[in-house]
Amino acid sequence: MKAGRYRVAVDGVVFGARPIAAGEGRGLEVLLIQRGVEPYVGSWALPGGLVLEDESLEVAVRRELLEEAGVEPSWLEQLYTFGQPGRDPRERTITVAWIGLVRPDRYPPSAATDAADARWWPMSKLPPLAFDHAHILDVARERLQGKVRYQPIGFDLLPPEFTLSELQVLYETILERPLDKRNFRRKIGKTGLLLDTGKMRTGGAHRAPRLYRFDRDRYTVLEQQGYLFEI
C-alpha cells in the first residue's frame, strides 16, 4: 500500500486561572483564537498551525502561540498526537497537541496573523470549536487533572505569593471537586515546598491569612533525587 501525503501541525491547549484575590470567579480558563481564514472562518479554535521545515515541534507551537495570541506559557509539554482522517477538511493533517499554563493577568491575548481575535474562555462556557479541537481539549483537561496531583505545575497559575486558601481553591477548580481543608493542608505541609514569607494578606473582613511562596529551587533538587510530589 502506497503511503499518502500529509501535513504536520501543532496545536496549543493553554490553561489559565485568575488570581483568587482578584475575585473574578471565572475558574479554569482556556485560550482560544477566532479563525480569520477558511476553513471554519469565524469559529473559535485552539491556537496552532503548520510546522515549518526548519522547526522542532516545541519551537513551532511556541511560535504559533506567540504569533496568534501573544502568549508565552510558563510550563509547556507535549500532550498527544491526533491524526484521524478527515479532521481537517483541506487535506490529511496530523497535529501534535501541547498543553501549557499561563497566568491570564500577565498575558492579555493579542490576536495576529490568521487569528481574527484571541480570548480567554471559561471552561464552563465554551463556544463550539473548529476541527476536532473539542476532543483535544477534553484530553488536555484530563491530563491536567492528573498532572496537577503528581507534579507542582499548579503553582504556575498563582501569583508569586499566595495563601493556603487560594492554593486549595485553585486545586478544587482544576480537579472540579471539593477538597477536605484539613487533609489538603496536611498533604501540602508534608511536601516541605512552601516558604512562609512572613507577610499577611490584608484588606479582608476576616483575620489576615499568611502568604506563602513555592520553593522551586528545592523542588528541582528533590526531583533529581527521585522525590514524588503528591496531593
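Kindly report on the overall build of the protein chain, identifying the contributing residues and their values.
If you tally the helices and strands in the protein chain, you get five helices and nine strands. Secondary structure elements in the protein chain, listed N-terminal to C-terminal, are β-β-β-β-α-β-β-β-α-α-α-β-β-α. Its C-alpha radius of gyration of 19 Å places the protein chain within 12% of the 17 Å reference for a compact globule of 231 residues. Its C-alpha atoms give the protein chain principal-axis dimensions of about 65 × 40 × 30 Å. Within the protein chain, the fraction of its 231 residues that count as buried is 45%. Excluding contacts between residues fewer than 6 apart, the proportion of contacts in the protein chain whose partners are at least 24 apart in sequence is 66%. When the accessible surface of the protein chain is totalled, it reaches about 12,400 Å², and 49% of it is carbon and sulfur.

So what's going on with the pattern of salt bridges? Which residues, and what values?
All chains considered together, the criterion is met by 18 salt bridges. For R63, the salt bridge goes to E67, with nearest N and O atoms at 3.3 Å. One end of the pair is R63 and the other is E67, both in helix 1 (residues 57-69) and four residues apart, which spans about a single turn. For E67, a relative accessible area of 33% translates into the label partly exposed. With its nearest N and O atoms 3.6 Å apart, the salt bridge here joins R141 to E176.

Can you lay out the packing of aromatic side chains for me, pointing to particular residues and giving the numbers?
Taken as a whole, this structure holds eight aromatic pairs when the rule is applied. The interplanar angle of 10 degrees and the centroid separation of 4.2 Å between the aromatic rings of F155 and F214 together place this pair among those described as stacked. Linking F155 in the loop between helix 2 (133-150) and helix 3 (164-175) with F214 in strand 9 (residues 210-214), this pair joins segments that are 59 residues apart in sequence. For the pair F155 and F214, one class covers both residues: buried. A network of ring pairs unites the aromatic residues F155, F162, F214, Y219 and Y227 as a single cluster.

Give a description of the packing of helix 2 against helix 3 that names residues and reports values.
Viewed as axis vectors pointing N to C, helix 2 and helix 3 meet at an angle of 145 degrees, and their least axial separation amounts to 9 Å. Facing helix 2, whose interface residues are L144, Q145, V148 and R149, helix 3 presents Y171, I174 and L175. Residue composition of the contact of helix 2 with helix 3, by class: five nonpolar, one polar and one charged.

An account of helix 1 is needed here, citing residue identities and associated values.
In this model helix 1 runs 18 Å from its N-terminal to its C-terminal C-alpha over 13 residues, within 8% of the 18 Å that 1.5 Å per residue would give. When we look at burial in helix 1, the residues that qualify are A60, V61, R63, E64, L65, E68 and A69. Those residues of helix 1 that are buried lie in contact with strand 1 (7-17), strand 2 (28-35), strand 4 (48-50), strand 5 (75-82), strand 6 (93-101) and strand 7 (115-122). At the exit of helix 1 stands G70, carrying a positive phi of roughly 75 degrees.

Describe unusual backbone geometry, with residues and values.
That bond from E38 to P39 is cis: its omega, -5 degrees, falls within 30 degrees of zero. Its location among the elements puts P39 in the loop between strand 2 and strand 3 (44-45). The backbone of F131 sits at a positive phi, close to 55 degrees, despite the residue not being glycine. Tracing the sequence through the fold places F131 in the loop between strand 7 and helix 2.

Which residues make up the environment of Q145, and what values go with them?
Mapped onto the secondary structure, Q145 falls in helix 2. Each C-alpha atom of the pair Q145 and E176 lies 8.6 Å from the other, and the pair is 31 residues apart in sequence. One polar contact links Q145 to E176, side chain to side chain, over a distance of 2.9 Å.

The rules behind each value
Residues numbered from 1 in each chain as written. Predicted model: local features only at pLDDT ≥ 70, side-chain atom pairs only at ≥ 80, totals over all residues. Heavy atoms only, no water. Helix = DSSP H or I, 4+ residues; strand = E, 2+ residues; numbered from the N terminus. Rg over C-alpha atoms; globule rule 2.2 N^0.38 Å. Buried < 20%, exposed > 50% of the residue type's maximum accessible area, 1.4 Å probe, protein only. Contact = heavy atoms within 4.5 Å. Areas by Shrake-Rupley, 256 points an atom, 1.4 Å probe, with all protein chains shown as cover. Salt bridge = Lys/Arg side-chain N within 4 Å of Asp/Glu carboxyl O. Phe/Tyr/Trp six-rings, centres within 6.5 Å; stacked < 30°, edge-to-face > 60°. Axes fitted to C-alpha atoms, helices over the stretch in contact; angles between N-to-C directions. Nonpolar A, V, L, I, M, F, W, Y, C, P; charged D, E, K, R; others polar. Expected span 1.5 Å × (residues − 1). Polar contact = N/O pair within 3.5 Å; in protein donor to acceptor, adjacent residues only side chain to side chain.

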